[in-house]
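Chains, contacts and geometry: an overview
Given next are the chains, with one letter for each unit.
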Amino acid sequence: QVQLVESGGGLVQAGGSLRLSCAASGRTFSRDRMGWFRQAPGKERERVSCINTKDYTTSYADSVKGRFTISRDNAKNTVYLQMNSLKPEDTAVYYCAVGVGSCDGLYTDYWGQGTQVTVSS
């Protein structure tokens, strides 16, 4: 069974940094897009970032551009999200996500359980 397990969330002060990791298992994911979503209470789930297969091109939500960096290690079936200059608005549950194909794909095939990120002022 495919599993995605996130880690690295926690409580941080505004301006601080966190690094999220998502370890995927069950098969190889080198041909799949990997990314991160987040959801704050009362709000819709938002795609934060995505990284493509092979060429490793990336995309980011406007709200995090210049502050967050996504990367992946296909040998480890792991995707990372380095979050710098964190703001209280970044507070949310962050979910790792994997989908077949490129970041142009519409659907997520696998979800992680989520990790809480809380940014205090």
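Structural data are supplied above this passage.
Heads up: these notes are all about the structure in this document. Every chain is numbered independently, its residues counted from 1 as its sequence is written. Where totals are concerned, whole chains, interfaces and linings use all residues; where local detail is concerned, this predicted model gives features only for residues with pLDDT of at least 70, and gives and counts side-chain atom pairs only at 80 or more. Water and hydrogen atoms play no part in the side-chain values, which are based on all heavy atoms of the structure.

The biggest cluster of nonpolar side chains holds 27 residues, and the ones touching the most others in it are Trp36, Phe68, Val79, Leu81, Met83 and Tyr94. Working definition: helices are DSSP H or I runs of at least four residues, strands are E runs of at least two. Numbering for both runs from the N terminus. Contributing elements (two or more residues each) for this core: β3 (18-25), β4 (32-39), β5 (46-51), β7 (68-73), β8 (78-83), β9 (92-100) and β11 (115-120). Nonpolar core, defined: a set of buried Ala, Val, Leu, Ile, Met, Phe, Trp, Tyr and Cys residues in which side-chain atoms within 4.5 Å join the residues together. Per-residue accessibility, obtained with a 1.4 Å probe over protein chains only, is compared with the maximum for each type, and a residue is labelled buried under 20%, exposed over 50%, and partly exposed between these values.

A covalent bond between the sulfur atoms of two cysteines is referred to as a disulfide. Counting rule for disulfides: a pair of cysteine sulfur atoms within 2.5 Å. For the coordinates displayed, the defined rule picks out two disulfides. The residue that forms a disulfide with Cys50 is Cys103, at a sulfur-sulfur distance of 2.0 Å. Of note, the bridge from Cys50 to Cys103 carries an S-S torsion of about -90 degrees and is left-handed in sense. Taken together, the residues Cys50 in strand β5 and Cys103 in the loop between β9 and β10 (110-111) connect sequence positions 53 residues apart. What makes Cys50 buried here is its relative accessible area of 3%.

Position of Ala14 relative to the elements: it lies in the loop between β2 (10-13) and β3. For Ala14, a relative accessible area of 41% gives the class partly exposed. When the C-alpha atoms of Ala14 and Ser120 are compared, they prove to be 5.7 Å apart, with 106 residues separating the residues in sequence. The residues contacting Ala14, other than those within four sequence positions of it, are Leu86, Pro88, Val119, Ser120 and Ser121. Contacts are assigned to residue pairs that have any heavy atoms within 4.5 Å of one another.

Coordinates in, geometry out; function isn't part of it.
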